Amino acid sequence: YPKSNFHFINDNNEWLKMDKAGHFMAAYSLSRISHAGLRWSGVDKKKAVWQSTIFSWSYMAMIEVLDGFSEEWGFSSGDMLANTAGVGLFAFQQLVWEEQRILVKYSFHTTEYAQYRPDVLGSSKLKQIFKDYNGSTVWLSFNIKSFINDDSKFPEWLNLAVGYGAEGMTGGARNYTIYEGRNIPDFPRRSQFYLAIDLDLRRIDTDSKFLYYLFQALSFIKIPLPTLEYNNADGLKFHAIYF
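Every chain's residues receive numbers from 1 upward, in the order its sequence appears when written. In keeping with the model being predicted, local features are shown solely for residues with a pLDDT of at least 70 and side-chain atom pairs are shown and tallied solely at 80 or more, while totals for entire chains, interfaces and linings include all residues. The side-chain values count all of the structure's non-hydrogen atoms but skip hydrogen atoms and water molecules.

Let's talk about the packing of helix 2 (residues 45-68) against helix 3 (residues 77-96)
Look at helix 2 against helix 3: their axes get within 10 Å of each other, and the N-to-C directions meet at 170 degrees. The angle between helix 2 and helix 3 places the two elements in the roughly antiparallel class. In this structure, helix 2 uses Val49, Trp50, Ser52, Thr53, Ser56, Trp57, Met60, Ala61 and Glu64 to contact helix 3, whose residues at the interface are Asp79, Met80, Asn83, Thr84, Val87, Phe90, Ala91, Gln94 and Leu95. For this classification, Asp, Glu, Lys and Arg are treated as charged, while Ala, Val, Leu, Ile, Met, Phe, Trp, Tyr, Cys and Pro are nonpolar and the rest, including Gly, are polar. Broken down by class, the residue content of the contact of helix 2 with helix 3 amounts to 10 nonpolar, 6 polar and 2 charged. Axis definition: a line fitted to C-alpha atoms, limited for helices to the stretch in contact. Angles are taken between N-to-C directions and run from 0 to 180 degrees. A helix here means a DSSP run of H or I that spans at least four residues, while a strand means a run of E at least two residues long, and both kinds are numbered starting from the N terminus. Should an angle fall under 35 degrees it is taken as roughly parallel, and over 145 as roughly antiparallel, whereas 65 to 115 is taken as roughly perpendicular and any remaining angle as oblique. Two residues qualify as a contact provided that any one of their heavy atoms is within 4.5 Å of a heavy atom in the partner residue.

Have a look at this one:
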């Protein structure tokens, strides 16, 4: 997009806050990855936390500064607040517990909405994973065993997850009824809240290095399992398997 003078933008009413959830998840995930790299290279525990925190927050802030010089976008204080919350959640857990008892995870399913604005919501399934907020869910996955008595026989790998999503969105702040000469149905916009069991694959014992690293990589993804959903249109819904 064309450049402009640095400016701010208030986009807190867009995409039913799903873009903010995405910033929160990205900042947390970047902190986890950079911290793991620093610890692997031999950096002290506390130094690794602070260095990964500063690096991750600065990286996300740099993106906002670049947006501030774009005519199309702008520096979003809401985005920076979400970035700070994501980095802060990682740093707090690492400093207090020296482990991540609460994981931030992501899940996705394709939706009918992308076909109406493929340039914005994604023209292919791969692009939709990153661009179609209607199919995205961001989760907080709590490891139950780590919050209860160490002598408990509760499975170490079993988590309880709460999630947030939204659907019915063909635009940021509002929906479009006509786009590039085509009619778009009038979809109701609504937030969705989820409760589900989850698996913390990192806590499954294995002697295989391949499986160890595979479980670490997959720990960013919410495993599809039975899920309860609440939204203000349908009330409570049960999904046998939810992506």
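Some points on the nonpolar core
The nonpolar side chains of a soluble globular protein tend to be buried, and buried together. Core analysis: the largest hydrophobic core is formed by 24 residues, its most contacted members being Met18, Tyr28, Val104 and Val138. Those elements that place two or more of their residues in this core are helix 1 (18-40), helix 3, strand 3 (102-108) and strand 5 (158-167). Counting 5 residues, the second-largest nonpolar core is a separate cluster that includes Trp139, Ala161, Tyr194 and Tyr242. In this text, buried Ala, Val, Leu, Ile, Met, Phe, Trp, Tyr and Cys residues form a nonpolar core when linked through side-chain atoms within 4.5 Å. Relative accessible area decides the class of each residue, using a 1.4 Å probe on protein chains only: under 20% of the type maximum gives buried, over 50% gives exposed, and in between gives partly exposed.

Quick look at the pattern of salt bridges
The rule for a salt bridge is simple: a side-chain nitrogen of Lys or Arg has to be within 4 Å of a carboxyl oxygen of Asp or Glu. For the structure on display, the rule yields 14 salt bridges. For the salt bridge of Arg203 with Glu99, the shortest nitrogen-to-oxygen distance reads 3.4 Å. Highlighted residues: Arg203 in the loop between strand 8 (190-199) and helix 6 (209-218) and Glu99 in the loop between helix 3 and strand 3, separated in sequence by 104 residues. For Glu99, a relative accessible area of 25% gives the class partly exposed. A salt bridge links Lys237 to Glu229, with the shortest nitrogen-to-oxygen separation between them at 4.0 Å. For Lys237, a relative accessible area of 31% translates into the label partly exposed.

A short note on the pairing of strand 9 (residues 225-231)
If DSSP finds at least two bridges between two strands, the strands pair. One ladder, built from 4 bridges, connects strand 8 with strand 9; its direction is antiparallel. Along strand 9, the bridge assignment pairs Ala196 with Thr227. With 6 bridges joining them, strand 9 and strand 10 (residues 235-242) adopt antiparallel strand pairing. Bridging across to strand 10, Glu229 finds its partner in Lys237. With antiparallel pairing between neighbouring strands as the criterion, strand 9 and strand 10 make up a hairpin whose turn holds 3 residues.

Some remarks on unusual backbone geometry
The phi angle at Lys17 is positive, at roughly 75 degrees, despite the residue not being glycine. Owing to a relative accessible area of 42%, Lys17 belongs among the partly exposed residues under this scheme. Even without being glycine, Glu98 reaches a positive phi, approximately 60 degrees. Mapping Glu98 onto the fold places it in the loop between helix 3 and strand 3.

Considerations on the sheet that holds strand 4 (residues 136-143)
Pairing is antiparallel in the open sheet, where 6 strands are placed in the order 3-4-5-8-9-10. At either end of the open sheet lies a strand with only one pairing partner, and these are strand 3 and strand 10. Pairwise comparison of adjacent strand axes, ignoring direction, gives a mean angle of 25 degrees for this sheet. Lying over the sheet, helix 1 contacts strand 3, strand 4 and strand 5, oriented at roughly 125 degrees with respect to strand 3.

A look at helix 3
Expected span of a helix: the number of residues minus one, times 1.5 Å. With 20 residues, helix 3 should reach 28 Å at 1.5 Å per residue; the first-to-last C-alpha distance of 28 Å fits that figure. Taken together, the buried positions of helix 3 are Gly78, Asp79, Met80, Ala82, Asn83, Gly86, Val87, Leu89, Phe90, Ala91, Gln93 and Gln94. Where helix 3 starts, the residue carrying a side-chain oxygen 3.4 Å from the main-chain nitrogen of Gly78 turns out to be Ser76. Phi for Glu98, located one or two positions after helix 3, is positive at around 60 degrees. Counting of polar contacts relies on pairs of N or O atoms within 3.5 Å, with two restrictions inside protein: one atom must be capable of donating a hydrogen and the other of accepting it, and residues adjacent in sequence are counted only when both atoms are side-chain atoms.

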